[in-house]
Amino acid sequence: MADSPYLKDDARLGDVIAAIQAMSIYKFYKLDFSGWSDRISGDPEKCEHWKQVFVEHPEFFRLDAAREKASLVARRQHPKNYDVDARIQIETKEFRSMDDSQKVRISRSPLSHGEMASLIQTAVELHSRAMDQAKDRRWWLPVLTAFIGAASGIAGTLLGVVLT
C-alpha cells in the first residue's frame, strides 16, 4: 500500500486546506497552475508544487482535459452561471444570448462557507486516517525491538557460559 499523499511532507494538509479555501471562493473556478499558485501562496513560481498537490489529491481537485488548469471538484458541480463582475447568478437564457467575449466573464458560483468548511473537515479527517494507518503499519517495531533485545541477552548469556 502506497503512502498517503497527506504524509508526503508536514505542510501537505495546510496546502490542501489553503487550496480548498482559495478555489472555493475565487471568482473564477478554474485557473492554470501559475494562477492558482499566485492566488494561494502569492508566488506564481511555485506552480509545479501546486500542480503536484492538485494531482495527488483527486478527492478534491481535477485537471482539465489538456492538464493545464485545475479546479475544485465540488465547485465544478455548480452551474456555469455566475457573472464574476456583477457577482450575481444569471439565467441560462441570458448566458446563451451572450457573445464569446462576454461568456469568458461567466464562471461557476463560489461555494458557501458551509460547503467549504465541509471540504476542509474532510481533508482533516483524511489526514488523520492516513496518520493512523501509518502508525498501524508500524505495530511490529516494538515487538521486533523486544525480540532483538531478548535474543541478544540470550546470546550474551550463552556466550558467557561457553567462555567460562
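In what follows, the structure referred to is the one given above.
Throughout what follows, the structure given in this document is the object of discussion. Starting from 1, residues in each chain are numbered consecutively following that chain's sequence as written. In keeping with the predicted nature of the model, local features appear solely for residues at pLDDT of at least 70, side-chain atom pairs appear and are counted solely at 80 or more, and the whole-chain, interface and lining totals rest on all residues. The basis for the side-chain values is all heavy atoms of the structure; hydrogens and waters are excluded.

**Section: the overall build of the protein chain**
Where we set the bar: Every helix listed is a DSSP run of H or I at least four residues long, and every strand listed is a run of E at least two residues long, numbered separately from the N terminus. Here's how the labels work: a residue is buried when its accessible area is under 20% of the maximum for its type, exposed when over 50%, partly exposed in between, all with a 1.4 Å probe on protein chains only. Only the protein chains shown count as covering a residue, and every accessible area follows the Shrake-Rupley method with a 1.4 Å probe.
Assigned secondary structure in the protein chain consists of 8 helices and 6 strands. The proportion of buried residues among the 164 residues of the protein chain is 32%. Put simply, the protein chain shows about 10,500 Å² of open surface, and 55% of that area lies on carbon and sulfur atoms.

**Side note on the packing of aromatic side chains**
Where we set the bar: When two rings of Phe, Tyr or Trp (its six-membered ring) have centres within 6.5 Å they constitute a pair, described as stacked for plane angles under 30 degrees, edge-to-face for angles over 60, and tilted for the intermediate range. In our convention, an over-ring charge means Lys NZ or Arg CZ found within 6 Å of a ring centre and within 35 degrees of that ring's normal.
Applying the stated criterion across every chain, the model contains 6 aromatic pairs. Aromatic ring contacts, followed pair by pair, group Phe33, Trp50, Phe54, Phe60 and Phe61 into a single cluster. Taking the ring centre of phenylalanine 95 as reference, the NZ or CZ of lysine 103 above it sits at 5.0 Å. Positioned above the aromatic ring of tyrosine 29 is the side chain of arginine 108, whose terminal nitrogen or guanidinium carbon lies 4.7 Å from the ring centre.

**Thoughts on the nonpolar core**
For clarity, the threshold we go by: Side-chain atoms within 4.5 Å are what join buried Ala, Val, Leu, Ile, Met, Phe, Trp, Tyr and Cys residues into a set we call a nonpolar core. Note on contacts: a residue pair is in contact if any heavy atoms of the two residues lie within 4.5 Å.
Counting residues in hydrophobic clusters, the biggest one holds 30 residues, and the most contacted among them are Ile20, Phe54, Phe60 and Phe61. Among the elements of the structure, helix H1 (12-25), helix H2 (33-41), helix H3 (47-56), strand S2 (61-63), strand S3 (69-72) and helix H7 (113-136) are those that each provide at least two residues to this core. Element by element, the count of residues in this core is highest for H1, at 7 residues. Each residue touching phenylalanine 54, except ones within four places of it in the same chain, is listed here: Ala19, Met23, Phe33, Trp36, Ile40, Phe61, Leu63 and Ala70.

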